[in-house]
Amino acid sequence: MLFNSLQFFFFFPIVTVIYFILPQRLRWQLLLAASCFFYMAFIPAYIAVLFLTIAIDYAAAIFIERSRGRTRKAYLILSIVSTCLVLGVFKYFNFINDNLRALAVFLHWNYPVETLRIILPIGLSFHTFQSLSYVIEVYRGNQQAERRFGIYALYVMFYPQLVAGPIERPQHLLPQFDERHEFEYRRVSDGLKLMAWGLFKKLVLADRLALFVNTVYGRPHDYPGISLILATVFFAFQIYCDFSGYSDVAIGAAQVMGFRLRDNFNRPYFARSIPEFWKRWHISLSTWFRDYVYIPLGGKRVSQARWRVNILLTFVISGIWHGANWTFIIWGGLHGFYYLVSAQTKFLRSRLVQIFGLSCRPRLHAGLQAGLTFTLVCFAWIFFRAAGIREAAYIITHLTSGVAEFCLKVSANLFSPSAGKHLFDDLLLKQEKADLVVAVAGIIFLECVHMLQRHGSIRQMLADKPAWLRWALYYSFILGIVVLGKFDNRQFIYFQF
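Everything in this summary refers to the structure shown in the same document. Remember, it's a predicted structure, so these values are computed and weren't measured experimentally. (Residues numbered from 1 in each chain as written. Predicted model: local features only at pLDDT ≥ 70, side-chain atom pairs only at ≥ 80, totals over all residues. Heavy atoms only, no water.)

## Things to note about the overall build of the chain
Just so we agree on the cut-off: Counting from the N terminus, the helices are the DSSP runs of H or I reaching at least four residues and the strands are the DSSP runs of E reaching at least two. Restricting the calculation to C-alpha atoms gives the radius of gyration, and the globule rule supplies 2.2 Å times the number of residues raised to the power 0.38. Relative accessibility decides the category of a residue: with a 1.4 Å probe and only protein chains considered, values under 20% of the type maximum give buried, values over 50% give exposed, and everything between is partly exposed. Note on contacts: a residue pair qualifies if any of its non-hydrogen atoms lie within 4.5 Å across the two residues.
The helix and strand inventory of the chain stands at 21 helices and zero strands. Relative to the compact-globule value of 23 Å for 497 residues, the chain shows a C-alpha radius of gyration of 24 Å, a close match. Projecting the C-alpha coordinates of the chain onto the three principal axes gives extents of approximately 75 × 70 × 50 Å. Expressed as a percentage of the 497 residues in the chain, the buried residues total 50%. Excluding contacts between residues fewer than 6 apart, the proportion of contacts in the chain whose partners are at least 24 apart in sequence is 75%.

Right under this line is the structure:
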């Protein structure tokens, strides 16, 4: 079931109303049943795969808590391997198999293994990582093993964040299922506002930007460099609005019922460096890799050479997590390279700031840093979005093709009555001008909201305004979503991961 579907429009209020009506002892059962229904709306049979991983980690955590010494560690390894094996079969078997087949063809060997005809279960990577965090925290002694199978199953399957996060830690989410959540107008109102903001990002911005991105990236050879650049920038905002929009709806839906999910995004394109970007982007995943991959590898408590390997390995694994394709591996490795360069050039950059006097112009300095970081991130997004390495290579090598001619043409026709027509035709060819105008205006509005968020919560700012003004803004915002939104049930990008 999609958050942007008509089914969810009925599903959410019905479940929420029943949740508040039921006595506390029955609420978790309602949520578990609703979560199963929510998940089975995709491919019903895959609920069995989900319950298999749940059963494995549920039993493993209990055995880990009861055991000592090597036996305890053996149960941990068995749990991790078993859970990751399920993920590996569905997500990575065909990728590995295709690469082995290509190697066999190159070496003129016979390779009889056929490609599996299976569909990746929705959100498999997300609930796999949430299950792993539970088992690891039990092993570390930070979490007691949950003896109630239904409660643990709900921890993994909690429908707002089941498919695409945020990835929750057991210490944060599990105790909340035992809390009594009363209906509180302010909290419910804030949750609904956050859900509306997430749907605006998805329906008005992400799905409209997808029209341009899919067209250009689907046939990059048909478009000039300026269109490739614009489509790449549009994809940066598309994936942000798509994924943060999902997170906003998930966090808001949980908040309506009284549950607190962790923030997943914090204005990432305002980051002034790559390390800062990863503190702001997909926070639940980046901290997951920090705590369960980077730190166990040694973190910073090793030699400089080993530290560099740890950073690169962590980012490459992050790339592999995102998808079974070499483009994702390159994307992760590229961010690891960025991270290392940022760390190794810190002194040099400080000297350049002093030489050019940027320390006396902090706003200019911050703008240049954010602009450079955004450019680097956009360049890496090319590999994330491109269908394959060849397509990514073509886009990169043709980013500047025709740009000079385009700028000269725009300059020559700047004051011509048909200047706007030439601009649209040269940029996006077959796309509707109205869609481009709405998309650009939406991005500007988004960034204005982000700038306001530097001074505090928008919801708090609205709460301090007169009732007539607040409700006028709410109705206008909802009307804007209804009029400008793309209601074609377009799937969220991160569902494929």
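## As for the pattern of salt bridges
Convention followed: Any Lys or Arg side-chain nitrogen located within 4 Å of an Asp or Glu carboxyl oxygen qualifies as a salt bridge.
Throughout the structure, instances matching the rule amount to 19 salt bridges. Residue Glu276 pairs with Arg280 through a salt bridge whose shortest N-O separation is 2.9 Å. Highlighted residues: Glu276 and Arg280, both in helix 10 (residues 274-280), separated by four residues, approximately one helical turn. Accessibility expressed as a relative area gives 23% for Glu276, which makes it partly exposed. Overall, the relative accessible area of 14% leaves Arg280 in the buried class. Linked by salt bridges that have partners in common, Glu146, Arg148 and Asp178 make up one network.

## Some points on the packing of helix 2 (residues 24-40) against helix 6 (residues 149-157)
This is how it is decided: In this analysis, axes come from line fits to C-alpha atoms, helices being fitted only over the stretch in contact, and the angle between any two N-to-C directions falls in the range 0 to 180 degrees. Each angle is binned into one of four classes, with values under 35 degrees roughly parallel, values over 145 roughly antiparallel, values of 65 to 115 roughly perpendicular, and all other values oblique. The sense of a crossing depends on the near helix, which, turned anticlockwise from the far helix by less than a right angle, makes the crossing left-handed and, turned clockwise, makes it right-handed. Residue type decides the class: Asp, Glu, Lys and Arg count as charged, Ala, Val, Leu, Ile, Met, Phe, Trp, Tyr, Cys and Pro as nonpolar, and the leftover types, Gly among them, as polar.
Put simply, helix 2 and helix 6 touch, their axes get as near as 9 Å, and they point 45 degrees apart. Considering their axes alone, helix 2 and helix 6 lie oblique with respect to each other. Considering the relative orientation of helix 2 and helix 6, their crossing is left-handed. Within the contact between the two elements, helix 2 uses Trp28, Leu31, Leu32, Ser35 and Cys36 and helix 6 uses Gly150, Ile151, Ala153, Leu154 and Met157. Taken together, the residues that form the contact of helix 2 with helix 6 break down as eight nonpolar, two polar and no charged.

## Comments concerning the layout of surface pockets
Where empty space is left becomes clear once a probe the size of a water molecule has been rolled over the atoms. Applied cut-off: A 1.4 Å probe that fits but cannot get out identifies a cavity on a 1 Å grid over protein atoms alone, an open set with protein on both sides within 12 Å along at least five of seven lines counts as a pocket, and a residue lines either if it has an atom within 4 Å of a point. Grid points are joined across faces, edges and corners, and a volume is the space filled by probe spheres set on the points.
Taken as a whole, the second largest pocket spans an internal volume of roughly 800 Å³. Along its surface, the second largest pocket is lined by 28 residues, and Arg272, Ser342, Arg349, Gln369 and Leu372 are the ones closest to its centre. Put simply, the parts of the chain that give the lining of the second largest pocket at least two residues each are helix 10, helix 13 (326-344), helix 14 (346-355) and helix 15 (362-385). Split by residue class, the lining of the second largest pocket holds 15 nonpolar, seven polar and six charged.

## Comments concerning the packing of helix 11 (residues 283-294) against helix 12 (residues 304-322)
Running from N to C, helix 11 and helix 12 point in directions that differ by 130 degrees, and their axes come no closer than 11 Å. Compared by their axis directions, helix 11 and helix 12 come out oblique. Two packed elements cross with a definite hand, and for helix 11 against helix 12 that hand is right-handed. Between helix 11 and helix 12, the residues in contact are Leu285, Phe289, Val293 and Tyr294 and Trp307, Asn310, Ile311, Thr314, Ile317, Ser318, Trp321 and His322, respectively. Class assignment of the residues belonging to the contact of helix 11 with helix 12 gives a composition of eight nonpolar, four polar and no charged.

## Some remarks on a positive patch on the surface
Spelled out, the test is: Exposure above 30% relative accessible area and the lack of any salt bridge qualify a residue for a patch; like charges then connect within 9 Å, and the nonpolar side chains Val, Leu, Ile, Met, Phe, Trp and Tyr within 5 Å. Only the protein chains shown count as cover for residues, with accessible areas throughout obtained via the Shrake-Rupley method and a probe of 1.4 Å. Positive charge is attributed to Lys and Arg, negative charge to Asp and Glu, and no charge count is given to His or to the chain ends. Taken as the charge centre is NZ of Lys, CZ of Arg, CG of Asp or CD of Glu, depending on the residue.
Taken together, the side chains of Lys279, Lys300, Lys346 and Arg349 present a region of like positive charge at the surface. Structurally, the position occupied by Lys279 is in helix 10.

## Quick look at the environment of Cys84
Structurally, Cys84 can be placed in helix 4 (residues 69-106). Taking the relative accessible area as the measure of exposure, Cys84 reaches 33% and is therefore partly exposed. Sequence spacing of Cys84 and Thr53 is 31 residues, and the spatial spacing of their C-alpha atoms is 9.1 Å.

## Examining helix 16 (residues 389-397)
Convention followed: When we speak of the arc, we mean the arc of directions from the helix axis to the C-beta atoms.
Regarding helix 16, the residues found buried are Ala392, Tyr394 and Ile395. Axial view of helix 16: buried residues confined to an arc of 160 degrees, hence all on one face. Every exposed residue of helix 16 that faces more than 90 degrees away from the buried side is listed here: Arg390 and Thr397. Elements that come into contact with the buried residues of helix 16 comprise helix 8 (185-218), helix 9 (225-257) and helix 15.

## Some details on helix 5 (residues 124-140)
This is how it is decided: A helix is expected to reach a length of 1.5 Å times the quantity of its residues less one.
Relative to the 24 Å expected for 17 residues at 1.5 Å per residue, helix 5 spans 24 Å between its end C-alpha atoms, a close match to the ideal helical length. Most of helix 5 is tucked away, with 15 of its 17 residues classed as buried. Where helix 5 terminates, the next one or two residues include Gly141, which has phi positive at roughly 85 degrees.

## Section: the nonpolar core
Which entries qualify depends on this criterion: Among buried residues, the Ala, Val, Leu, Ile, Met, Phe, Trp, Tyr and Cys ones that are joined through side-chain atoms within 4.5 Å form a nonpolar core.
One finds Phe8, Tyr269 and Trp381 to be the most contacted residues of the largest nonpolar core, which totals 134 residues. Sequence-distant contacts of Trp381, defined by excluding residues within four places in its chain, comprise Phe235, Ala236, Ile239, Tyr269, Trp281 and Trp331.

## Description of the packing of aromatic side chains
Condition: Centre distance within 6.5 Å is the pairing criterion for rings of Phe, Tyr and Trp, where only the six-membered ring of Trp is used; planes under 30 degrees apart are then read as stacked, over 60 as edge-to-face, and the remainder as tilted. A ring is considered to have a charge above it if a Lys NZ or an Arg CZ atom is located within 6 Å of its centre and within 35 degrees of its normal.
Applying the stated rule across the entire model yields 65 aromatic pairs. When the centroid spacing of 6.1 Å and the interplanar angle of 35 degrees are considered together, the rings of Phe8 and Phe11 count as tilted. One end of the pair is Phe8 and the other is Phe11, both in helix 1 (residues 6-21) and three residues apart, which spans about a single turn. Accessibility classification places Phe8 together with Phe11 in one group, the buried group. Phe8 gets classed as buried once you look at its relative accessible area, which sits at 4%. Looking at Arg27, its charged tip hangs above the ring of Tyr19, at a distance of 4.7 Å from the centre. A cation over an aromatic ring shows up here: Arg72 above the ring of Tyr139, its NZ or CZ 4.9 Å from the ring centre.

## Brief notes about the environment of Ile151
Turning to its location among the elements, Ile151 is positioned in helix 6. Judged by relative accessible area, which is 2%, Ile151 ranks as buried. The spatial distance from the C-alpha of Ile151 to the C-alpha of Ala34 is 13 Å, given a sequence separation of 117 residues. If we skip the residues at most four places from it in the chain, Ile151 touches Trp28, Glu146, Leu174 and Phe177.

Nothing here speaks to function; it is geometry throughout.
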